[in-house]
Amino acid sequence: MKYLGLVLANLGRNKLRSALTGAAIMLAVLLVCLLLTMPAGLDLFLNNIANNTRISVHNKAGIVYAMPSSFTRKVRQVDGVAAAVAMTWFGGAFEEAGRVTFPNFAVEGEHIGAVYPDYNIPPEQLADFRRYRDGAIVGRQTMKKYGWKIGDRVTLRSAVWPVALDFRIVGEIPSDRAPLFWMNREYLDEALKAQGRPGLTIAGIIWVRAADPTRVNAIMRQIDEMSRNSEAETACETEKSFFANFFGSLQGFVTIILVVTALVALCIVFIAANTASMGVRERAAEIAILKAIGFGRRVIFGTLLAEAVTLSTVAGLAGVLLSKVLTDALRAFAGWSPSLGPLSSFIVTSAVIVQGIFLSLFVGMLAGIVPSYGAARKPVVATLHEVF
Amino acid sequence: MLPLSYSLRNVQARPGRTLMTASVIALVVVASSLFLGLISSLKRTLVTSGNPRNLVVMRKGSDNDGSSQLTIEAYQAIRYFDGIARDAQDQPLASPELVVQPFFHTRDGGRENVLVRGVEPVALAVHDSVHIVEGRMFLPSQGEAVVGRSVLGRYAGAELGNVLEFGRGKWKVVGIFDADGSSFESEVWVDVRELANDAKRPFPYSGIRLRAATPSDIEPLQRRINDDPRFAIEAQRETDYYAKQSESANSLYVLVIGIAVLAGIGAGFGAANTMYAAVQARTAEIGTLRALGFSRRAILLAFQVEAVALAGVGFVIGAACALGLAALLRVMLGGVAFGAATFTTNVVTLRVRSGDLLGALGLAVVIGLFGGFGPAWRAARMRPIDALRKA
């Protein structure tokens, strides 16, 4: 600790250079943190749903292959099923947007709350959803995006069904990251029947909540068994596996992002190593004198290394902080993007913060170690010779 | 004016330090050109899918044919509209199509949504970039399929003569098609009726692709379809449709350019450090040059040129690495699968083209200018007397 003054003084002797190096490290750490938020956002998303008891039941052939909605009733009778709800993609576009800008589904009002107790939708709003056929429950992210309030009326035109429906918003999913829009199945069913069509007889996905987490696998087996040799054989998955698969197709893209992250991290080490060696070379005479008057190698090595590590840590912390500020701003502007899904939520998790700090420590060590070691090892006479 | 060789030789004077700084710039060049290449490859794949003479007819409000459904009445009405090209048998070149995205199992056990397009034989006349290159076109109602070149070998059973399992049925692969590198190559085509049966769709079609008789027929035809009050449908040029699809890649552009600029600024700081050190080391030299009568502007320019040359070295190294890395990724990953746009897998062949390198070159030059200006300014502002005294 008593050498702290020396370390700081050395950092301050070429303020411009220290500032430039610090800024470079800060930017690089910021960059790495921003990139890490993408897989971290996905991870967080998946881990949040990892230990819940929800199961997705969908057609074995694909999510776009429907199941008869009557299958939901059979699913509810399966031992250990607490609740089940049939969901059908509505594909509605809000008039002003002209295209699908948030995911919207037709659901069963009387069952939805029981399948999603963790969404914390107020019971009186769920009651309103059941009461009003044209009711809708909307995620807060979408509410905010369009400035909707509970009680507002909105019209969605479906691209999938030949209808355009008016809704009254009766409830909100109280999470800033929920883009969802739920409507009543009966409402869509009636609208189709009014056109002389068969009505809504299919379900895209049946979401099931198991009463007991240990029963999840048994329930999944039993549901799949029940549908065997029927028109629509099902494939059950846990919610985590469902979403992991759903976004698995982005894997190639994420891999490339991570490769580039590694490249950028390498880039930081280069910059910092370059600067550290410049600093040491310039101070050759001074280091030789320090040694000549009796400072040990260890002290020389330690102070030089501490200099590099101090700089990179301070810069790294600034980078991490900046990434937090930036992502908060980004989130405010960018909403749910249909092509990126949860990857579009840039969240600086604590894991990212820790990784960022470790990265900056590591950069400081790596950049400082070679020149510091070299300077500490160099014989005094040789150095003094060079200088004088 | 100082001769150009003064700046260039100085770049060579300290090869170690030059290489260090240049490699930082090179890394930025690698990152940015790879990213740009990835996105432009994706966009190229999508954009080349559109034919300027074709119209895409979908339900209003749907932004891709995977999320559109059309009634049979709509197809029958539109099919005989004026302005649609006709084939030798005087049949309209109107291709009713059903798009479904079933699960396909990749050979490494993963699962991807692949775009399966149910078509009639007329589809090959409407999509004239699609050619069967091996085998033959499927026969209707035989459980046969033809697969695009990028699908080939990516999924279990996706080989000529093999059986592909998707949806509820099994499909025999009887042909392979290519489509000038467009996104059709990531699709599987089967008989439209068989697919509708297999998927049990309440509506038989997703949309219709039309070929206009002449380019001047496009607009009236489009207007007539859009204004038809019976069906809420919408026609757009196929080129516009795919251009819109490729816009989903624009959000990636923002991300990538953001990353490249941040990394570039970082590298700029690195370059500035090197150049400041160079200026400091050559204080006496600068003093001498000033004493000899070289103007401030000449010195500013000389150092600025040196910085840009340094960035140029970085660019050359980086561009070579980027091309190599892209080739390596092509071999290792095959195509890069994008799940973007319509939730179907688009297999994109990563190619770093001159346009992407040009973007990276621009960035490298800016890094050189931006990193070199401060040091060059300092060199130019030096008072000759002070500079010489220091020596």
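All values reported here derive from a predicted model rather than from experimental measurement.

What counts and what doesn't
- Residues numbered from 1 in each chain as written.
- Chains lettered and ligands numbered in written order.
- Predicted model: local features only at pLDDT ≥ 70, side-chain atom pairs only at ≥ 80, totals over all residues.
- Pairing = 2+ DSSP bridges.
- Helix = DSSP H or I, 4+ residues; strand = E, 2+ residues; numbered from the N terminus.
- Axes fitted to C-alpha atoms, helices over the stretch in contact; angles between N-to-C directions.
- Contact = placed C-beta atoms within 7 Å.
- Nonpolar A, V, L, I, M, F, W, Y, C, P; charged D, E, K, R; others polar.
- pLDDT = per-residue confidence, 0-100.
- Core = buried A, V, L, I, M, F, W, Y, C linked by C-beta atoms within 7 Å.
- Buried ≥ 20, exposed ≤ 12 C-beta atoms within 10 Å, placed from the backbone.
- Domains from an automatic or database assignment.
- Arc of directions from axis to C-beta.
- Parallel < 35°, antiparallel > 145°, perpendicular 65-115°, else oblique.
- Left-handed = near helix turned anticlockwise from the far one by under 90°.

Participant: Run through the sheet that holds strand β6 (residues 135–139) of chain A, naming residues and quoting values.
Facilitator: Residues and elements named next belong to chain A. The 10 strands are arranged β4-β7-β8-β6-β9-β5-β3-β11-β1-β12 in an open sheet whose pairing can be described as mixed. Edge positions in the open sheet fall to β4 (92–94) and β12 (234–238), since each of these has one partner strand only. Sheet twist, expressed as the average angle between the axes of neighbouring strands with direction ignored, equals 35 degrees. Where helix α5 (residues 123–131) meets the sheet, it contacts β6 and β8 (164–173), and its direction lies at approximately 160 degrees from that of β8. Sheet strands in contact with helix α7 (residues 185–194) are β3 (81–89), β5 (104–107), β8 and β9 (181–184), and its direction is about 60 degrees off that of β9.

Participant: Which residues make up the interface of chain A and chain B, and what values go with them?
Facilitator: Between chain A and chain B, the residue contacts involve 44 residues of the former and 57 residues of the latter. Elements represented by at least two residues in the side of chain A that touches chain B include exactly α2 (15–48) and α10 (251–282) of chain A. For the side of chain A that touches chain B, a count of residues per class yields 29 nonpolar, 12 polar and three charged.

Participant: Residue-level account of the confidence of the model for chain B, with values.
Facilitator: In this model, chain B carries an average pLDDT of 87, and 98% of its residues clear a pLDDT of 70 or more. When the elements of chain B are averaged for pLDDT, helix α11 (residues 340–343) of chain B gives the smallest value, 52, and strand β10 (residues 188–191) of chain B the largest, 96.

Participant: I'd like a description of the nonpolar core, backed by residues and values.
Facilitator: Note on soluble globular proteins: their nonpolar side chains tend to be buried together. By size, the foremost hydrophobic cluster in this structure holds 234 residues, and its most contacted members are Ile 206 of chain A together with Ile 25 and Val 28 of chain B. Once residues lying within four places of it in the same chain are set aside, the contact partners of Ile 206 of chain A are Val 57, Met 67, Phe 71, Thr 72, Val 75, Ala 84 and Ala 86 of chain A.

Participant: Can you lay out the domain arrangement of chain B for me, pointing to particular residues and giving the numbers?
Facilitator: All names here are of chain B. Each assigned domain of chain B is listed here: domain 1 (4–47 + 248–390) and domain 2 (61–231). Computed over C-alpha atoms, the centres of domain 1 and domain 2 are 46 Å apart. On the domain 2 side, the residues contacting the 11 residues of domain 1 number 13 residues. Residue assignment for the side of domain 1 that touches domain 2 shows that the elements contributing at least two residues are α2 (15–47), α11 and β14 (346–348). For the side of domain 1 that touches domain 2, the leading source of residues is α11, giving three residues.

Participant: Tell me what's going on with helix α7 (residues 238–247) of chain B, and back it up with residues and numbers.
Facilitator: For an α-helix, the turn length of 3.6 residues means that residues three or four places apart are oriented alike. Within α7 of chain B the residues assigned to the buried category are Glu 238, Tyr 241, Tyr 242, Gln 245 and Ser 246 of chain B. The buried residues of α7 of chain B occupy one face: seen down the axis, they fall within an arc of 135 degrees.

Participant: Just give me the short version of the environment of Arg 44 of chain B, but keep the residues and values in it.
Facilitator: Residues and elements named next belong to chain B. Along the chain, Arg 44 falls in helix α2. Classification of Arg 44 by C-beta neighbours within 10 Å gives partly exposed; the count is 19. Counting along the chain gives 202 residues from Arg 44 to Ser 246, while the straight-line C-alpha distance between them is 8.3 Å.

Participant: A description of the packing of α2 of chain B against helix α10 (residues 296–333) of chain B should follow, citing residues and the corresponding values.
Facilitator: Residue and element names in this part refer to chain B. Between α2 and α10, the shortest axis-to-axis distance is 7 Å and the interhelical angle comes to 45 degrees. Comparing their axes, α10 and α2 come out oblique. Along this stretch, α2 crosses α10, giving a crossing that reads as right-handed. Counting all contacts with α2, which are made through Thr 18, Thr 21, Ala 22, Ser 23, Ile 25, Ala 26, Leu 27, Val 29, Val 30, Ser 33, Leu 34 and Gly 37, the residues of α10 involved are Leu 310, Ala 311, Val 313, Gly 314, Phe 315, Ile 317, Gly 318, Ala 319, Cys 321, Ala 322, Leu 325 and Ala 326. For the contact of α2 with α10, a count of residues per class yields 17 nonpolar, seven polar and no charged.

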